[in-house]
Amino acid sequence: MKRLFPILLMLFCFFQVKAEEPATAEYRAAFQTHIMNFPDTTSGLSQVIDEAIVYTGQTVTPEQAADIKKTSMEKLLDLMVPIYAQHITLEELKVANADPQNFYSTPEGAILQEKEDNMLPELEKVLLPWSEWIVQYIFEVSSKNK
């Protein structure tokens, strides 16, 4: 029995990992819509990117700044979607996206808000790598000016 337990545990872990499906393109699109439904959030993220550009002291054209923002937001989605997909279903996102202004005042909205609040520590862990990536990308883009 002692030898069987580790094998059973490994099989259990294998099937647990196999059972989780990666976030689909549909999920990513629904998540992006969910984020865009809150202008304060997107404005805040855009401001972080603007401040990073200033912080690096690099000169970028308006077109490059737009590219940096777009690409940085895509990178953030890449980092956040897997976390959301572990906690929030596609159907929950679709319901939230159907009426974003009133959704969070409903019982379903309160449940989703609690899930999002519980994800904050995981989401915060991606912010530092994301901000480091932004700085690196700014240098990469600005080097094209030289």
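The structure displayed is predicted, hence computed values, not measured ones.

Draft legend 1. Examining the packing of aromatic side chains more closely. Inspection of every chain in the model, using the stated rule, returns four aromatic pairs. Ring geometry for F31 and Y84: centres 4.4 Å apart, planes at 55 degrees, overall tilted. Of this pair, F31 sits in helix α2 (residues 25-36) while Y84 sits in helix α4 (residues 62-87), placing them 53 residues apart in sequence. Judged by its relative accessible area of 0%, F31 is buried. Note on F103 and Y104: the rings are 5.3 Å apart at their centroids and 80 degrees apart in plane angle, and the pair reads as edge-to-face. The partly exposed category is assigned to Y104, whose relative accessible area is 23%. Joined through ring pairs, the aromatic side chains of F38, F103 and Y104 make up one cluster.

Draft legend 2. How the structure looks around the pattern of salt bridges. In this structure the tally under the stated criterion is six salt bridges. Between D50 and K69 there is a salt bridge, and its shortest N-O distance comes to 3.0 Å. Of this pair, D50 sits in helix α3 (residues 39-56) while K69 is found in helix α4, placing the two residues 19 residues apart along the sequence. For K69, a relative accessible area of 26% corresponds to the partly exposed category. Because the salt bridges share partners, they merge into one network encompassing E26, E91 and K94.

Draft legend 3. Representation of the packing of α3 against helix α7 (residues 107-142) in the model. Direction vectors running N to C along α3 and α7 enclose 50 degrees, while the axes themselves pass 10 Å from each other. Looking at the two axes, α3 sits oblique to α7. Helix-helix and strand crossings are classified by hand; for α3 and α7 the assignment is right-handed. Contact residues: L45, V48, I49, A52, I53 and T56 in α3; W130, I134, V135, I138 and F139 in α7. Broken down by class, the residue content of the contact of α3 with α7 amounts to ten nonpolar, one polar and no charged.

Draft legend 4. Region of the structure containing the nonpolar core. One finds Y27, F31, I68 and Y84 to be the most contacted residues of the largest nonpolar core, which totals 32 residues. Listing elements by their share of this core, those giving two or more residues are α2, α3, α4, α5 (90-98) and α7. Every residue in contact with I68, bar those within four places of it in the chain, is listed here: I49, I53, V60, Y137, I138 and V141.

Draft legend 5. Structural detail: the layout of surface pockets. Roughly 400 Å³ of internal volume is contained in the largest pocket. Around the largest pocket, the lining is made up of 16 residues, and of these I35, T41, M80, Y84 and L123 lie nearest the centre. Those elements that place two or more of their residues in the lining of the largest pocket are α2, α3, α4 and α7. Counting residues per element, the lining of the largest pocket draws most heavily on α7, at seven residues. Partitioning the lining of the largest pocket into residue classes produces ten nonpolar, three polar and three charged.

Draft legend 6. Main features of α5. Of all the residues in α5, the buried ones are L90, L93, A96 and N97. Within α5, the buried residues cover an arc of 125 degrees as seen down the axis, which keeps them to one side. Projecting away from the buried face of α5 at angles above 90 degrees are the exposed residues E91 and A98. Next to the buried residues of α5 lie α2, α6 (100-103) and α7.

Cut-off values and rules
- Residues numbered from 1 in each chain as written.
- Predicted model: local features only at pLDDT ≥ 70, side-chain atom pairs only at ≥ 80, totals over all residues.
- Heavy atoms only, no water.
- Phe/Tyr/Trp six-rings, centres within 6.5 Å; stacked < 30°, edge-to-face > 60°.
- Helix = DSSP H or I, 4+ residues; strand = E, 2+ residues; numbered from the N terminus.
- Buried < 20%, exposed > 50% of the residue type's maximum accessible area, 1.4 Å probe, protein only.
- Salt bridge = Lys/Arg side-chain N within 4 Å of Asp/Glu carboxyl O.
- Axes fitted to C-alpha atoms, helices over the stretch in contact; angles between N-to-C directions.
- Parallel < 35°, antiparallel > 145°, perpendicular 65-115°, else oblique.
- Left-handed = near helix turned anticlockwise from the far one by under 90°.
- Contact = heavy atoms within 4.5 Å.
- Nonpolar A, V, L, I, M, F, W, Y, C, P; charged D, E, K, R; others polar.
- Core = buried A, V, L, I, M, F, W, Y, C linked by side-chain atoms within 4.5 Å.
- 1 Å grid on protein atoms, 1.4 Å probe; cavity = no way out; pocket = protein on both sides within 12 Å on 5 of 7 lines; lining within 4 Å.
- Points joined across faces, edges and corners; volume = space filled by probe spheres on them.
- Arc of directions from axis to C-beta.

Read these as geometric descriptors, not functional statements.
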